[in-house]
Amino acid sequence: MTKLTIALLFISATIIALVIIKKVLNHGQSGSIVHYSNFSSEFVMQRPVEVWLPEGYDPSSSTTYPVIYMHDGQFLFLGSRSWYTWTPWNWNVDVIIPRMIREKKMRPAIVVAVSYTHLRAHETSLHL
């Protein structure tokens, strides 16, 4: 076997394993994700932003929810449109938070996932 063949087999096996892991982890996923592909801001360049809404969220209801803002948004959700969700670095927020809500460890909350861009280091230092 050539090194290229071995590398291709390894890559294929890794992709298959990640797909299986994602399907297994999706079991506990709940809520819904609203995707904004180019969210605008007067302070930083446009970027993807995803908003996870807990199960039962109704915008016409008078119920209020705390909002959690999380950086590195491309790593947060299994249900994300981001290609990063196929990597082992996914934080599975859309699985973990529903579990914590069911276990009464936290109350339902909205999660705003802000993706970073290639200007991440510059943007971080802008407002310090």
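Up top is the structure.
Residues numbered from 1 in each chain as written. Predicted model: local features only at pLDDT ≥ 70, side-chain atom pairs only at ≥ 80, totals over all residues. Heavy atoms only, no water.

Visitor: How would you sum up the overall build of the protein? Please name residues and give values.
Guide: Along the protein, the regular secondary structure elements total 3 helices and 4 strands. Along the protein, helices (α) and strands (β) appear in the sequence α-β-β-β-α-β-α when read from the amino end. Put simply, the protein has 128 residues, and 30% of those count as buried. Working note: accessible area of the protein is about 8,900 Å², and carbon and sulfur atoms make up 64% of it. (Helix = DSSP H or I, 4+ residues; strand = E, 2+ residues; numbered from the N terminus. Buried < 20%, exposed > 50% of the residue type's maximum accessible area, 1.4 Å probe, protein only. Areas by Shrake-Rupley, 256 points an atom, 1.4 Å probe, with all protein chains shown as cover.)

Visitor: Would you mind going over the pattern of salt bridges in detail, with residue names and values included?
Guide: Counted under the stated rule, the structure contains 1 salt bridge. Among the ionic pairs, Lys105 bridges to Glu103, the shortest N-O distance being 3.1 Å. (Salt bridge = Lys/Arg side-chain N within 4 Å of Asp/Glu carboxyl O.)

Visitor: Describe in detail the sheet that holds strand β1 (residues 32-39), supporting the description with residues and values.
Guide: Strand order in the open sheet formed by 4 strands is β1-β2-β4-β3, with mixed pairing between adjacent strands. The outermost strands of the open sheet, each flanked by one partner alone, are β1 and β3 (67-71). On average, each strand axis in the sheet is tilted by 20° relative to the strand beside it, whichever way the strands run. Where β1 lies against strand β2 (residues 47-53), 6 bridges are found, and the strand directions are antiparallel. Bridging from a neighbouring strand, Tyr36 pairs with Val49 of β2. Lying on the sheet, helix α2 (residues 93-102) is in contact with β1, β2, β3 and β4 (110-114); it crosses β2 at an angle near 25°. (Pairing = 2+ DSSP bridges. Axes fitted to C-alpha atoms, helices over the stretch in contact; angles between N-to-C directions. Contact = heavy atoms within 4.5 Å.)

Visitor: Quick one: what's the story with the packing of aromatic side chains, residue by residue and with numbers?
Guide: Working definition: an aromatic ring pair is given by the centre-to-centre distance plus the angle between the planes. With the rule as written, the count across this model stands at 3 aromatic pairs. Between Tyr36 and Phe39 the ring centres are 6.2 Å apart and the planes differ by 75°, which places this aromatic pair in the edge-to-face class. Look at Tyr57 and Tyr65: their rings are 5.4 Å apart centre to centre, the planes differ by 55°, and that puts the pair in the tilted class. Here Tyr57 falls in the partly exposed class, since its relative accessible area comes to 31%. (Phe/Tyr/Trp six-rings, centres within 6.5 Å; stacked < 30°, edge-to-face > 60°.)

Visitor: Quick one: what's the story with the environment of Pro48, residue by residue and with numbers?
Guide: Residue placement: Pro48 occurs in strand β2. Residues Pro48 and Tyr36, 12 residues apart in the sequence, show an inter-C-alpha distance of 5.6 Å. In contact with Pro48, other than residues within four places in its own chain, are His35, Tyr36, Ser37, Ala113, Val114 and Ser115.

Visitor: Go over the environment of Ser60 with me, naming the residues and quoting the values.
Guide: Within the secondary structure, Ser60 is located in the loop between β2 and β3. For Ser60, the side chain forms a polar contact with the side chain of Asp58, separated by 2.7 Å. (Polar contact = N/O pair within 3.5 Å; in protein donor to acceptor, adjacent residues only side chain to side chain.)

Visitor: Give a detailed account of unusual backbone geometry, specifying residues and quantitative values.
Guide: At Asp72, a residue that is not glycine, the phi angle is positive and equals roughly 55°. In this structure, Asp72 sits in the loop between β3 and α2. A residue is classified by how much of its surface remains accessible, and Asp72, at 14% relative accessible area, is buried. Although it is not a glycine, Lys104 sits at a positive phi angle of roughly 60°. According to the relative accessible area criterion, Lys104 is exposed, its value standing at 72%.

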